[in-house]
Amino acid sequence: MKIAVCVKQVPDAAAPKRLDPQTKRLDRSVEGAINPFDVHAVEEALRIKEGGEGGEVVLVSMGPAKAAESLRKALAMGADRVVLVTDEAAEGSDLLGTAKALAAALAREEPDLVLFGQQSSDSDGAVLWAAVAEKLRRPVISQVAELTLSDGKARGKRQTEFGYDVIEAPLPAVIAVSDAINEPRYPSLKGIMGAKSKPQDTVTSSDLGLSADEIGEAGKRTEVYAVGDPPPRGDSVKIEDDGSAAEKIVDYLSERKLI
Amino acid sequence: MATLVFLEHHEGELQKGSLGALSKASELGGDDVAAVVLGSGVEELAKGAGRFGAGTVFVADDPAFEKPLPQPRVDALAQLVGEQGFDTILFAASVLSADVAAGLAARLDAGLNWDLVDLVSEDGRLVGKRPALGDTVVADVGWTAAPRIALFRSGALEPKETGGEADVRTFDPRLEDFSSAAVMVEQAHEQSTGPSIEDADVIVAGGRGLGGPEKFTLVEELAQALGGAVAATRAVVDSGWYPYSAQVGQTGRSVAPKLYVACGISGAIQHKVGMQSSSTIVAINKDPNAPIFDFADLGVVGDLNEIVPKLTELVRARRGR
């Protein structure tokens, strides 16, 4: 079984996040790390491979050349190789451009299964898989907390607002996993040492047959006009309980007609 | 501006979030506000959208839409947008709607802005308000071309009933082969005793500071007295104290009730982003330095084991229940 895991480099959680006032894009010059939600997808792919399916786990990513450093953690966990779409023309891609580039890279790999993490920690995006599945014309199951594969089908159990669903789709399929699906392993020392020698291919958008106006700034269908402060909250009150806190809360709520 | 609003429904009811998006479309005006309802046996249900500002409701009544799966819905919406020329399509976030919106964006080669808390018309263009970086900033976002697709944060918009009748028009979507490949093999609904957290005007939430799963009774009793729903933080859901469907935060639901009572919740960013749009936040926590006090309207430093039962009693007495 060939499994492709879509992963993204995000600013490290410890690095201060800021928006570049010029481009209004996230400042990505800070230390990078693999998106923590994607690590669960990597782990799931490795478990499938180790669980008897065998095959290959390929990481597919789009980002600057330096993203390769962050992806090394997933290689150290056990993934086999990386395909990184990196191209100046792809910089500033929005959802649509990213979906096109990833779908093109995935189409070349022809995986049996494509896995995504449940969101990106930097943009809070939680929709990319559905756009990629559409571009690939493959079935999609999102928010999967339990994944089983058998008879050429993927079966995913997921939580929704109302309870849970179990959805089945024939392979090849696109699956986005929730972070409840597993507890990712830590890379072993051997894994870390071995990661450096694993293949890391870089492809450009033109290698993928994409024209420059489909991706990056030129292919954008959305834009950021301005970035400002959130609306302030009203005056806040803080009290210490002296035995009458419950009464005070009730007074506060009734003044505001909340009870 | 010709706007189409995707209306989600569950067990015979149009969902509050999508009605909120419809009210928003109606408020922004434009020459035509339409809604779309996809399902099986939903024509009656669809009529109800008129009261929230839809002039026309397009209905596709087909067993293919019986289960909440996104891909057949992308087919239906893409066809409708193509035939009717809608330039703006609005969705309220949910597990289903997020996938439909993104699939539709890819199908129509259209821009999608997500996690919006508002949509306004400024200088003749539509501008979405999108909190970012853990809600420490708000970005004004827009579209370079039509069709424009907007996905609102759940709980961000309040439905406003304005009265009116909708013209119901049926249509027959053609489905792509791959769209029907995924099938629902099982669906289980949790029995909820109160309103769901996304629809509730009042939410009482519990965090790790409760001390143990049995202490959720305190939270449940207060919620019941206030006529509200119960929510939980990720920490307690991960610990198995409360079901995931109640989880509020980055990896759970976003809510914006009129009143949010946080019991034993520190206010980590993970949780904050899911509830800080609440109109009034009351926090009870024994740690005076808990970050939740930075954004609570009323912060109470004290022992929730003392305060919450007393509060429940007082609310019950006041409301006579």
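As a convention, each chain's residues are numbered from 1 in the sequence order in which they are written. Starting at A for chains and at 1 for ligands, labels are handed out in the order in which the entities are written. Predicted model: local features are reported for residues with pLDDT of at least 70 only, side-chain atom pairs are reported and counted for 80 or more only, and whole-chain, interface and lining totals are derived from all residues.

### A few points about the domain arrangement of chain B
Residues and elements named next belong to chain B.
Stage number 1. According to the domain assignment, chain B contains domain 1 (2–180) and domain 2 (202–319).
Stage number 2. Where each domain starts and ends comes from a domain assignment, either automatic or drawn from a database. Computed over C-alpha atoms, the centres of domain 1 and domain 2 are 31 Å apart.
Stage number 3. By the criterion used throughout, residues are in contact when their C-beta atoms, derived from the backbone, lie within 7 Å. With 7 residues of domain 1 at the interface, the matching set in domain 2 holds 9 residues.
Stage number 4. Each residue is assigned to one class: nonpolar for Ala, Val, Leu, Ile, Met, Phe, Trp, Tyr, Cys and Pro, charged for Asp, Glu, Lys and Arg, and polar for all the others, Gly among them. Here the side of domain 1 that touches domain 2 is composed, by residue class, of 2 nonpolar, 3 polar and 2 charged.

### Observations regarding the sheet that holds strand S7 (residues 140–150) of chain A
Stage number 1. Reading across the sheet, the 10 strands line up as S11(A)-S5(A)-S4(A)-S1(A)-S6(A)-S10(A)-S7(A)-S8(A)-S9(A)-S13(B) and stay open at both edges, with mixed pairing between neighbours. Edge positions in the sheet fall to strand S11 (200–203) of chain A together with strand S13 (183–189) of chain B, since each has one partner strand and no second. Adjacent strand axes in the sheet meet at a mean angle of 30° when their direction is disregarded.
Stage number 2. Those strands touched by helix H1 (residues 36–53) of chain A are strand S1 (2–7), strand S4 (56–62), strand S6 (113–116), S7 and strand S10 (173–177) of chain A, and its axis lies near 170° from that of S1 of chain A. For two strands to be treated as a pair, DSSP must find at least two bridges joining them. Where helices and strands are cited, they refer to DSSP runs of H or I of at least four residues and of E of at least two residues respectively, numbered from the N terminus. Fitting a line to C-alpha atoms yields each axis, with helices limited to the stretch in contact; the angle taken between N-to-C directions then spans 0 to 180 degrees.

### So, the nonpolar core
Stage number 1. Buried Ala, Val, Leu, Ile, Met, Phe, Trp, Tyr and Cys residues form a nonpolar core when they are connected through C-beta atoms within 7 Å. Put simply, a residue is buried when 20 or more other C-beta atoms lie within 10 Å of its own C-beta and exposed when 12 or fewer do; between those, it is partly exposed, and each C-beta is set from the backbone. Among the nonpolar cores identified, the biggest contains 188 residues, and Val5 of chain A together with Ala105 of chain B are the most heavily contacted of them.
Stage number 2. For this core, the element with the most residues is helix H4 (residues 95–108) of chain B, which contributes 10 residues.
Stage number 3. Mapping this core onto the domain boundaries places at least three of its residues in each of domain 1 (2–180) and domain 2 (202–319) of chain B.
Stage number 4. Not counting residues within four places of it along the chain, the set of residues in contact with Val5 of chain A comprises Ala41, Val42, Ala45, Val57, Leu59, Ala79 and Leu115 of chain A.

### Some thoughts on the interface of chain A and chain B
The extent of an interface is frequently quoted as the accessible surface area lost upon association of the parts.
Stage number 1. With 63 residues of chain A in contact, the opposing surface of chain B contributes 73 residues.
Stage number 2. For the side of chain A that touches chain B, the secondary-structure elements that each account for two or more residues are helix H3 (95–109), helix H4 (128–136), S7, strand S9 (163–170), strand S12 (222–228), strand S13 (237–240) and helix H6 (245–255) of chain A.
Stage number 3. Of the residues that constitute the side of chain A that touches chain B, the class distribution is 32 nonpolar, 10 polar and 21 charged.
Stage number 4. Alignment of S13 of chain A against strand S18 (residues 298–301) of chain B, held across 4 bridges, turns out to be parallel. Looking at the pairing, Lys238 of chain A lines up with Gly299 of chain B of S18 of chain B.

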